[in-house]
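Summary of the model geometry
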Amino acid sequence: YKKHFSQDKKTIAVHVRGTDKKLEYPHKALPIDAYKIAIQNYLDSSDEIVDLYIASDNNEAIGEIIKDFRGKVGKIIIYPSVRMPKYFSKDPICLTSATGPKHGEEVLIETILLSKCSHLICTDSNVSAGAMYINPNMSIDYLNRKYGSR
């Protein structure tokens, strides 16, 4: 944690749910652009240079966010977890052979890392909820409130 997260700089976090979120009702998966707009809105509202921590169940969302925000933030931090390749992968990660004790450990680590950030951009998720319980002082950009039941 101390090696990648700066003690001198704010770190904002984005938790992107894709693979299993598409199955939920009424809050289906949002377009990746919704997360990118929220990140940009945060950056536009702050004079500070911040770091960006990205947690996600898929590599497509992470790649798009890195592409759009490299050079616009201090550094981009990603924990090396097992992920699905696509945002709308056919099967959610929790229903594949990738799930199990190691995946559970990765999810807990990412929850703790999310909780170390000063601001969280997220949708409905037990991972995000866990981070909010651990750090009730972080500000939240809860995208379900902005995008309704897409």
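Description of the structure in this document.

Reading guide: rules and limits
- Residues numbered from 1 in each chain as written.
- Predicted model: local features only at pLDDT ≥ 70, side-chain atom pairs only at ≥ 80, totals over all residues.
- Heavy atoms only, no water.
- 1 Å grid on protein atoms, 1.4 Å probe; cavity = no way out; pocket = protein on both sides within 12 Å on 5 of 7 lines; lining within 4 Å.
- Points joined across faces, edges and corners; volume = space filled by probe spheres on them.
- Helix = DSSP H or I, 4+ residues; strand = E, 2+ residues; numbered from the N terminus.
- Nonpolar A, V, L, I, M, F, W, Y, C, P; charged D, E, K, R; others polar.
- Buried < 20%, exposed > 50% of the residue type's maximum accessible area, 1.4 Å probe, protein only.
- Pairing = 2+ DSSP bridges.
- Salt bridge = Lys/Arg side-chain N within 4 Å of Asp/Glu carboxyl O.
- Axes fitted to C-alpha atoms, helices over the stretch in contact; angles between N-to-C directions.
- Left-handed = near helix turned anticlockwise from the far one by under 90°.
- Contact = heavy atoms within 4.5 Å.
- Arc of directions from axis to C-beta.
- Polar contact = N/O pair within 3.5 Å; in protein donor to acceptor, adjacent residues only side chain to side chain.

1. So, the layout of surface pockets
In this structure, the largest pocket occupies an estimated 350 Å³ of space. Elements with a minimum of two residues in the lining of the largest pocket: β1 (11–16), β2 (51–56), α3 (101–115) and α4 (126–134). By residue number, the principal contributor to the lining of the largest pocket is α3, which donates 5 residues. For the lining of the largest pocket, the class distribution of residues is 8 nonpolar, 6 polar and 5 charged. As a volume, the second largest pocket reaches approximately 150 Å³. Along the walls of the second largest pocket sit Y1, H4, F5, Y53, K75, I76, I77, I78, Y79, P80 and L113, which together make up its complete lining. No other element matches strand β3 (residues 76–78), which puts 3 residues into the lining of the second largest pocket. Of the residues belonging to the lining of the second largest pocket, the class tally is 9 nonpolar, 1 polar and 1 charged.

2. Some words on the pairing of β1
When you tally the buried positions in β1, you get 6 out of 6 residues, the bulk of the element. Pairing geometry for β1 and β2, over 6 bridges, is parallel. Following the sheet pairing, V16 is matched in β2 by S56.

3. Thoughts on the pattern of salt bridges
Summed over the entire model, instances satisfying the criterion amount to 6 salt bridges. Between E48 and K10 there is a salt bridge, and its shortest N-O distance comes to 3.4 Å. Of the two residues, E48 is situated in the loop between α1 (32–44) and β2 and K10 in the segment before β1; the sequence distance between them amounts to 38 residues. With relative accessibility at 43%, the residue E48 sits in the partly exposed group. Across the salt bridge formed by E64 and K36, the nearest N and O atoms sit 3.2 Å from each other. Residue E64 is found in helix α2 (residues 59–69), and its partner K36 is found in helix α1; the two are separated by 28 residues along the sequence. By relative accessible area, K36 is classed as buried at 10%. Members of the salt-bridge network, linked through shared partners, are D33, K36, E64 and D68.

4. A word on the packing of α1 against α2
As a packed pair, α1 and α2 sit with axes 10 Å apart at the nearest point and diverge in direction by 35 degrees. α2 is crossed by α1, and the crossing has right-handed handedness. Contact residues: I32, K36, I39, Q40 and L43 in α1; E60, A61, E64, I65, D68 and F69 in α2.

5. Section: the environment of I134
With respect to the secondary-structure elements, I134 resides in helix α4. In the structure, I134 is positioned 102 residues away from I32 in sequence and 26 Å away in space, judged by C-alpha atoms. In contact with I134, not counting residues within four places along its chain, are T111, I112 and S115.

6. Some thoughts on α2
Where α2 is concerned, the buried positions are A61, I62, I65, I66 and F69. Looking down the long axis of α2, one finds its buried residues gathered within 130 degrees of arc, a one-sided arrangement. Put simply, N58 is the residue that caps the front of α2, since its side-chain oxygen is 3.3 Å from the backbone nitrogen of E60.

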